[in-house]
Structure formats: structure tokens, C-alpha cells
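Structural overview
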Amino acid sequence: MVPLVEILNATVFRGDTRVFRSFNLSLDQGQNTAILGPNGSGKSTLLKLLTRELYPVVEPGAKIRILGEERVNVWALRSRLGIVSSDLQQNYAAYIRTIEVVVSGFFASVGIWNHHQLSDDKVERSRAVLSEIGIGDLADRPFGQLSTGQQRRVLLARALVTEPANLVLDEPTSGLDLTATFRYLDTLRHLMSSGRTIVLVTHHIHELPPEIERVVLLKEGEVFADGPKASILNAENLSTLFDAPVGLIQSNGWYQAVPG
């Protein structure tokens, strides 16, 4: 399989701020990966490169390939690579029905618009995905009446309607209580066990399920460390990454950070 993402020699600015300089990163399909870093490390910029909201400075050797393609149709890309972010959650109006949020995944849009052609099979598929992840009963409720955890699951269903093989999730359990966190992570584990590739972009150690195989540590716009989870996740690396003493607890394949 071609790599999920290849970023080569990319220099990227956000406004007047240079976030990446000669940045290189390759992520493989079939390998569940976590991109871990503190606020300001470049995680959100990396996500915007994947969604084509940002582009690198044009210079020799600078390339970004997604699923093997350098030039991609943005709308087609969003149906092949499911992305769930907190930005997306905030963009939906409170009154839109849950089923409409999910159906909008077919069009890579925020909401349903007059030019969209709704078909029975799209609506049926959307209801089926909601049921598969355990929230079929929410289909006709307004999005704004759902809890934060329920909204996250709805957006996950939106990403799944086009059946992408790869998912990128941005801090998926941020703001969720313990029960909602465990439920969401259990859903992610099921998706990974069914053959989907998941990339988690986060600063939360507890969001890394046992199925995550590779960890990339991102600091100040650079890859600080990269490799198998067992060799990368340790107290020394995390203390350097977060500029604070960090201890690490392991239990049944899960990790949790504690004060060092």
C-alpha cells in the first residue's frame, strides 16, 4: 500500500509564524499511530496540511502526498480520509438534526445545502452507521441537544459513512467525562480491530489504546522522537517533551501520565 501521508521538506507558515521548517514525516496505512505533543507543537498545523487548509512554501523538494497523490481533489480526499476535529464540532448549528450531520459526510460539507442531492440510500446508510456505533436513537434529535460525548460520536459516524479505510482523530476525548471517554475509546478499538487505520493527534496520554503501534513525539514544529510505542513512551521522553517532570503508569496496554 502507498503511505497514508508523506510530508517532505515542508516549510509551513501560519500568518507570520513559521511552524515547520524542512519538516519530514511519513505515516503508513495499516499502522495505527499517535501524534503526541504539547500545545504549540504543530499538531493543528499538521492536521490542516492533511485537510489541505494549509500548504507548504513552494521550494525545491517540498512535497505532500496523501494516499500517494500530490495533487488531489479536496472533496474527494475528504471522503477517502475521515477526519474528526473539535473545529468541526463547533461549526454545526444547534438546530440541525443529527441525521443531517451524518449525511453531510457524503458531501464533505458542514450541513446540507440546496444543491446536494439526498437519496434514500444515503439516509439509510447514515442511520445504519449511527446504529453501529450505538446511537441510532439520536438520529432525529437536534445536534445542539446532544451531550459533548454524543456529538463526538455523531461526528465519528459522519466520518464513517463513506467507509474510509483511514481515520484521523483530533483529541477525540477532550472534554468528555470518564464514562463517555471509555465508551468512545472502546469504539475506536473496535474500528482498529476491524481493519481501519487510525491516526490520533493529541496531548492526552490516556487516549492511546493498546492497538496504537507507533508514537511520534512532536515538539516546537519538529519530530522529537518516533518509533514503536513501547520504546518511545517513557518518563524521560515525556518529561523532555512537556518540559516538566512526568511519571508514567502502565496497565493492560494503557498508559497514564502522573507528576514525576
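About the cut-offs
Every chain is numbered independently, its residues counted from 1 as its sequence is written. Selection of residues for local features in this predicted model requires a pLDDT of at least 70, selection of side-chain atom pairs for listing and counting requires 80 or more, and totals for whole chains, interfaces and linings are taken over all residues. Remark: hydrogens and water are excluded; side-chain values derive from all non-hydrogen atoms of the structure. A carboxyl oxygen of Asp or Glu within 4 Å of a side-chain nitrogen of Lys or Arg is what we treat as a salt bridge. In this scheme, a residue with accessible area under 20% of its type's maximum is buried, one over 50% is exposed, and one in between is partly exposed, where area comes from a 1.4 Å probe on protein chains only. Among buried residues, the Ala, Val, Leu, Ile, Met, Phe, Trp, Tyr and Cys ones that are joined through side-chain atoms within 4.5 Å form a nonpolar core. Any two residues having at least one pair of non-hydrogen atoms within 4.5 Å are treated as being in contact. Numbering goes from the N terminus for both helices and strands, where a helix is a DSSP run of H or I of at least four residues and a strand is a run of E of at least two. Each polar contact in these results corresponds to two N or O atoms within 3.5 Å; when the atoms are within protein, one needs to be able to donate a hydrogen and the other to accept it, and residues that are neighboring in sequence are counted only if both atoms are side-chain atoms. What the arc describes is the spread of directions from the helix axis to the C-beta atoms. Pairing between two strands is assigned when DSSP locates at least 2 bridges connecting them. A fitted line through C-alpha atoms serves as each axis, taken over the contacting stretch for helices, and the angle formed by two N-to-C directions is quoted from 0 to 180°. By the criterion used throughout, a crossover qualifies as right-handed when its path from the first strand across the helix to the second strand runs clockwise, the strands pointing away from the viewer. Centre distance within 6.5 Å is the pairing criterion for rings of Phe, Tyr and Trp, where only the six-membered ring of Trp is used; planes under 30 degrees apart are then read as stacked, over 60 as edge-to-face, and the remainder as tilted.

1. A short note on the pattern of salt bridges
Tallied over the entire structure, the rule returns eight salt bridges. Arg-125 is paired through a salt bridge with Glu-132; the nearest N and O atoms lie 4.0 Å apart. Overall, the relative accessible area of 59% leaves Glu-132 in the exposed class. A single network of salt bridges, built from pairs that share partners, joins Arg-97, Arg-127 and Asp-140.

2. As for the nonpolar core
If you look at the biggest cluster of nonpolar residues, it comprises 48 residues, and the most contacted ones within it are Leu-36, Phe-143, Leu-156, Leu-188, Ile-198 and Val-215. If sequence neighbours within four positions are ignored, Phe-143 has contacts with Gln-89, Tyr-92, Ala-93, Ala-94, Ile-96, Thr-98, Val-101, Gln-151, Val-154 and Leu-155. With 28 residues, the next largest nonpolar core counts Ile-7, Phe-20, Leu-54 and Leu-218 among its residues.

3. Considering unusual backbone geometry
When glycine is set aside, most residues are seen to have a negative phi, and most peptide bonds are trans. One non-glycine residue, Leu-67, lies in the positive phi region at around 55°. Residue placement: Leu-67 occurs in the loop between β4 (63-66) and α2 (74-80). Unlike most non-glycine residues, Glu-220 shows phi in positive territory, near 50°. Tracing the backbone through its elements, the reader meets Glu-220 in the loop between β8 (214-219) and β9 (222-228). A relative accessible area of 64% places Glu-220 in the exposed class.

4. Overview of the side chain of Thr-33
Here Thr-33 shows up in strand β3 (residues 33-36). Thr-33 gets classed as buried once you look at its relative accessible area, which sits at 0%. At 3.1 Å, the side chain of Thr-33 forms a polar contact with the backbone oxygen of Gln-31. Setting aside residues no more than four positions away along its own chain, Thr-33 makes contact with Leu-27, Ile-198, Val-199, Leu-200, Ile-212, Arg-214 and Val-216.

5. Examining helix α9 (residues 235-242)
Owing to its 3.6 residues per turn, the α-helix aligns residues three or four sequence positions apart on the same side. Turning to α9, its buried residues are Asn-237, Leu-238 and Leu-241. Summarising the axial view, the buried residues of α9 lie within an arc of 95°, below the 170-degree limit, and thus occupy one face. Residues of α9 that are buried in the fold lie against β3, β8, β9, α8 (229-232) and β10 (246-251). Phi turns positive, to about 55°, at Asp-243, one or two residues after α9.

6. Digging into the sheet that holds strand β6 (residues 166-170)
Reading across the sheet, the six strands line up as β5-β6-β7-β3-β8-β9 and stay open at both edges, with mixed pairing between neighbours. A single partner strand is all that each edge strand has here, and the edge strands are β5 (81-84) and β9. Strand-to-strand, the axes of this sheet are offset by a mean angle of 15°, without reference to chain direction. Along the sheet, helix α7 (residues 178-193) contacts β5, β6 and β7 (197-202); its crossing angle with β7, the most-contacted strand, is approximately 145°.

7. Considering the environment of Pro-3
Along the polypeptide, Pro-3 turns up in the segment before β1 (5-14). Residues Pro-3 and Gln-29, spaced 26 residues apart in sequence, show a C-alpha to C-alpha distance of 5.7 Å.

8. Observations regarding the pairing of β7
A regular strand places its side chains on the two faces of the sheet in alternate fashion. Of all six residues in β7, six are buried, a share of seventy percent or more. Two strands pair when backbone bridges link them, and β6 and β7 are joined in this way by five bridges, in the parallel orientation. Pairing of Asp-170 across the sheet is with Val-201, part of β7. Regarding the hand of the β-α-β motif, the stretch spanning β6, α7 and β7 is right-handed.

9. Focus on the packing of aromatic side chains
On inspection of all chains with the given rule, the structure shows two aromatic pairs. Relative to Phe-23, the ring of Phe-20 has its centre 4.1 Å away and its plane inclined at 15°; by these criteria the two rings are stacked. Phe-23 matches Phe-20 in its accessibility class, with the two residues each being buried.

10. Overview of the pairing of strand β11 (residues 254-259)
Where β10 and β11 come together, six bridges link them in antiparallel fashion. Across the sheet, the residue bridging to Gly-247 is Val-258, located in β11. With antiparallel pairing between neighbouring strands as the criterion, β10 and β11 make up a hairpin whose turn holds two residues, including Asn-252 at a positive phi of roughly 55°.

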